[in-house]
Amino acid sequence: MIQLHDVSFSYPQSTAVSHVTYTFEMGKCYVLHGPNGCGKSTLFRILNGLDFPTSGKYFFDGEEITEKKMRSQKFAKSFHKRIGYVFQNSEIQLFTKSVEDEIAFGLHQLGLANDEIISRVEKYIRLLKLQNVRSRAPFNLSGGEKKRAALAAVLAMEPSVLILDEPISGLDEEGQKWITQFICSIKSPDKLIILATHNREFIKQIADVEIIMNKEHRFESSIPH
């Protein structure tokens, strides 16, 4: 589904990703971990079409993703319909006046019919257990509720690829347990999940493939035992 061919990304004063060649396959959960500054968040921005390789190529379902293509509103809309991204600080993704509106916003951008939007909003409010906060402004929610609201907004668009940056960071033990169980529950042959975490226990519970991004900003991949 996702192929990286010798992908590198450099900032003016540093390299964030260095010569990464890798294939992410559907039906698997890949977990990235490594020291701070090793390039995980930069890689995720590339995968989501927010940044573009300095060199090398990124293919999504066989099609190269380039800055020129992403300038096309039609192409970008189609791409973002298939890939969902929840940032480490999920609060920056939440900006509407209620949780309901937050979930509906992306669906309106996709041009879905009103009946379908209402149906999906209800579905993902139930799925993410947001019934009690559905009318509240997202910035007034707890850390765990914000994570769930951001997840609901992304999942409601029903992407085939889900990318999560540190999904359990800042959560208490109960919140971490809930997120762990939820991610395990949505695994399926037609979904690709890629996430980053520093939590070893979390990795053991959810990873099909573990990827270490080392200090040289390269990949070391293995199957967890």
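Quick caveat: nothing in here was measured; it's all calculated off a predicted structure.

### Some points on helix α5 (residues 114-127)
Relative to the 20 Å expected for 14 residues at 1.5 Å per residue, α5 spans 20 Å between its end C-alpha atoms, a close match to the ideal helical length. Along α5, the residues that are buried comprise I117, R120, V121, Y124 and I125. Relative to the axis of α5, the buried residues are bounded by an arc of 130° and lie together on one face. Seen from the buried face of α5, the exposed residues on the opposite side, beyond 90 degrees, are D115, I118 and R126. In this structure, the buried residues of α5 make contact with α4 (99-109) and α6 (143-155).

### Overview of the nonpolar core
Judged by nonpolar contacts, the single largest core of 40 residues is most densely connected at L128, L151, L155 and L195. Mapped by element, the contributors of at least two residues to this core are β3 (29-33), α4, α5, α6, β7 (161-165), α7 (173-186), β8 (192-196) and α8 (200-206). In terms of residue count, the dominant contributor to this core is α6 (six residues). Each residue touching L128, except ones within four places of it in the same chain, is listed here: R148, L151, A152, L155, W178 and F182. Grouped together as the second largest cluster of nonpolar side chains are 35 residues, L4, V7, F24 and C38 included.

### Brief notes about the sheet that holds strand β4 (residues 55-60)
The sheet built from four strands is open, its strands ordered β2-β1-β4-β5 with antiparallel pairing. The sheet is open, and its two borders are formed by β2 (14-24) and β5 (63-64), each paired with just one other strand. Where strand β1 (residues 2-11) and β2 come together, seven bridges link them in antiparallel fashion. Across the sheet, I2 pairs through a bridge with F24, a residue of β2.

Conventions used here
Residues numbered from 1 in each chain as written. Predicted model: local features only at pLDDT ≥ 70, side-chain atom pairs only at ≥ 80, totals over all residues. Heavy atoms only, no water. Helix = DSSP H or I, 4+ residues; strand = E, 2+ residues; numbered from the N terminus. Expected span 1.5 Å × (residues − 1). Buried < 20%, exposed > 50% of the residue type's maximum accessible area, 1.4 Å probe, protein only. Arc of directions from axis to C-beta. Contact = heavy atoms within 4.5 Å. Core = buried A, V, L, I, M, F, W, Y, C linked by side-chain atoms within 4.5 Å. Pairing = 2+ DSSP bridges.

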